[in-house]
Amino acid sequence: PAPPTFRLTGVITGTTAFFVAVTARSSDGLSVFSGSVDPTTNKYLVKVPAGTYQLSVSYLAALSAGPSISTFQDPVPVPVNADSVRDIVVTPTVTHRVSGTISPLDSRFSQAFVIFGPKDLTTASTFAFTGLATLKADGTYAVQLSDGTFSVILGLSTEDASRVTTVVLGSVTVNGADVAADFTVPAFANLSGTVLMADRSPVPKGSTVIGIEGNPFLIRNTTGLPLFSFGSGAIDGASGAYQLTLTTGHTYTVGVDLGLPPEDKPQSGGNFTFLLQTNTQLNGDSTQDIMVPQIPGTVVISGRVIDSTGAPVANVSIDASTAEVSGVSMGTFSRSTTTDANGNYRLVVLSGTNY
């Protein structure tokens, strides 16, 4: 049975910034709950089970040098055993201007932006950027950041987002003053070819070829994720053709993210991902055709969600995922659905284990 949940509410004051969200982290650090903030009243709401929580507020300051998200942690833990109220007074974070030039920009991409994130994600439960700047045509950028050390990630995209590439450029440290930081973009190369289904059917709409620095199967059981370079390229449904742009000199795992339609509503489309080779290095443009392995049959995971009184709970999100798809080496599958009015759910998933 699902544990009872309580409403944790309050008003946020102390700064005129735009409040993005409030997060409640359990005292053991294992559970995190997010809630929304009403922009007209600055009142927040987080629904949590009984426990003691540390609250933090993410807010976006009105800054001229590009948007940055700051986080304020309420110093007082909040015990919750019933609906509770905790007002939060935010002490604004002091920020400094970080600016410079990123070059050379690649003409294959029409959109470029730079993300500033945590220096080390291996201790973070989720990735949340702290600064974002769009590059100007001459490669210059500016953003406001608080004191700390940040990874600098360049994001590149075609206008239709059919190709996306990110690369970690380095890091920058802010310590009580404005910082000038220029970065050099490494060379890129294209990996292209054709993706063929095992039964010669058309490739499902929305499928992509992906390149991930390192091997995600070796890091999936670690806490958080390390920062890595990444690329994705859309697969043409009619011809199966794809093009992927990756950084030269880096080692990538190449794979295919195959979008599968829902078996029945309200299920989401399934995501079947398989990896091909784990030590791909590009020193120039290369060609590689890809054969999709035989997709295994389906099985059904079903059940019912009730609360502590035995009453059914409707509209609960149920997510199923596995990294052990039957007959597929280094394959993953995921799909989600919601419970109906009687608390029942039904998920049609690919045959596998340890969902």
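Our structure's up above, just so we're on the same page.
A short tour of the structure in this document, coming up. Here the structure is a predicted model, which means the values were calculated and not measured. (Residues numbered from 1 in each chain as written. Predicted model: local features only at pLDDT ≥ 70, side-chain atom pairs only at ≥ 80, totals over all residues. Heavy atoms only, no water.)

In this section: the packing of aromatic side chains. Taken as a whole, this structure holds 5 aromatic pairs when the rule is applied. For the ring pair Phe33 and Tyr53, a centre distance of 6.1 Å and an interplane angle of 80 degrees mean the geometry is edge-to-face. Taken as a pair, Phe33 in strand β3 (residues 32-37) and Tyr53 in strand β5 (residues 51-60) lie far apart in primary sequence, 20 residues in all. Overall, the relative accessible area of 23% leaves Phe33 in the partly exposed class. Geometrically, the ring pair formed by Phe116 and Tyr141 is tilted, given 5.8 Å between the ring centres and 40 degrees between the ring planes. Here Tyr141 lies in strand β13 (residues 140-146) and Phe116 lies in strand β11 (residues 111-118), a separation of 25 residues in the sequence. The exposure classification of Phe116 matches that of Tyr141, with both residues buried. The ring of Phe109 has Arg163 lying over it, and the distance from NZ or CZ to the ring centre is 5.6 Å. (Phe/Tyr/Trp six-rings, centres within 6.5 Å; stacked < 30°, edge-to-face > 60°. Helix = DSSP H or I, 4+ residues; strand = E, 2+ residues; numbered from the N terminus. Buried < 20%, exposed > 50% of the residue type's maximum accessible area, 1.4 Å probe, protein only. Lys NZ or Arg CZ within 6 Å of the ring centre and 35° of its normal.)

Our focus in this paragraph is the side chain of Gln288. The residue Gln288 is located in the loop between β24 (286-287) and β25 (290-291) in this model. Once residues within four sequence positions are removed from consideration, Gln288 is found in contact with Leu191, Ser192, Gly193, Thr194, Tyr242, Leu276 and Gln277. (Contact = heavy atoms within 4.5 Å.)

A separate point is the environment of Pro262. Locating Pro262 in the fold gives a position in the loop between β22 (251-260) and β23 (270-281). Pro262 sits in the partly exposed class, given a relative accessible area of 39%. Each C-alpha atom of the pair Pro262 and Val349 lies 9.8 Å from the other, and the pair is 87 residues apart in sequence. Sequence-distant contacts of Pro262, that is, excluding residues within four places in its chain, are made with Gln267, Ser268, Gly269 and Arg335.

Burial runs high along β22: 8 of the 10 residues are buried. Across 6 bridges, the pairing between strand β19 (residues 208-213) and β22 is antiparallel. Residue pairing across strands places Gly211 opposite Val254, the latter belonging to β22. (Pairing = 2+ DSSP bridges.)

On to the environment of Ile318, then. With respect to the helices and strands, the residue Ile318 is situated in strand β27 (residues 317-322). Considered as a pair, Ile318 and Tyr345 are 27 residues apart in the sequence and their alpha carbons are 7.7 Å apart. Residues within four places of Ile318 in sequence aside, it is in contact with Val305, Arg335, Ser336, Thr337, Thr339, Tyr345 and Leu347.

In this structure, the amide linkage connecting Ser103 to the following residue, Pro104, adopts the cis form with an omega of -5 degrees. When you line up the elements, Pro104 lands in the loop between β10 (95-103) and β11. In the segment running from Lys265 into Pro266, the intervening peptide bond is cis, with an omega of 10 degrees. Residue position: Pro266 is located in the loop between β22 and β23. You will see that Asn315, though not glycine, has its phi angle at about 60 degrees, which is positive. By the secondary structure assignment, Asn315 is in the loop between β26 (298-304) and β27.

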